[in-house]
Amino acid sequence: MSTFAVNLQDAHGQERFDAVRSFVGTDATGSFGLLAGHARFMTILELGLARLRHADGRLEYLALPGALVDFRDNQLVLSTRRYYRDPDYARISALLRERLAAEEQDLAALRDSLQRLEREMLRRLWELGRGGEQGR
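What this report covers is the structure whose coordinates are included nearby. Predicted model, so just to flag it, every value in this text is computed and none were measured. (Residues numbered from 1 in each chain as written. Predicted model: local features only at pLDDT ≥ 70, side-chain atom pairs only at ≥ 80, totals over all residues. Heavy atoms only, no water.)

## Considering the packing of aromatic side chains
Here comes step 1: Applying the stated rule across the entire model yields 4 aromatic pairs.
Here comes step 2: Judged by centre distance (5.3 Å) and plane angle (80°), the ring pair of Phe4 and Phe71 falls under edge-to-face. Pair noted here: Phe4 is in strand β1 (residues 4-10) and Phe71 is in strand β7 (residues 67-72), with a separation of 67 residues, a long-range link.
Here comes step 3: With 5.2 Å between their ring centres and 65° between their planes, Tyr61 and Tyr89 make a pair best called edge-to-face. Placement of Tyr61 in strand β6 (residues 59-64) and of Tyr89 in helix α1 (residues 89-134) is noted, with a sequence separation of 28 residues between them.
Here comes step 4: According to the relative accessible area criterion, Tyr61 is buried, its value standing at 15%.
Here comes step 5: A relative accessible area of 49% places Tyr89 in the partly exposed class.
Here comes step 6: Each residue in the set Phe23, Phe32 and Phe41 is aromatic and connected to the rest through ring pairs, giving one cluster. (Phe/Tyr/Trp six-rings, centres within 6.5 Å; stacked < 30°, edge-to-face > 60°. Helix = DSSP H or I, 4+ residues; strand = E, 2+ residues; numbered from the N terminus. Buried < 20%, exposed > 50% of the residue type's maximum accessible area, 1.4 Å probe, protein only.)

See the structure below:
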């Protein structure tokens, strides 16, 4: 069976695999697969798991927060903020759940911080407005 190359790129670096048989991912339209010789294709992966099947039959899972997919000239380039790779589905699924929970906590803390900042800005604006009225 024919193969294609895969380049995984994130903020921490890049990895290349030269003999991949198939790639399966999910975008806004649903699940899709790519094989060697596929026509030019671009899409945005949704948060979740994708998988690669190597030429030797090994299956490897990728946990992604989303990614840009560019397939052309028998080469797949996945560009993302961060990815995790593991051949064990249970292990990578657990890692994805942990990372999602941690991101949710970070987002909640950020929302709380923004609300406090907004309240403080409104309080200061109110005080400035009161000071301006007293001078009249």
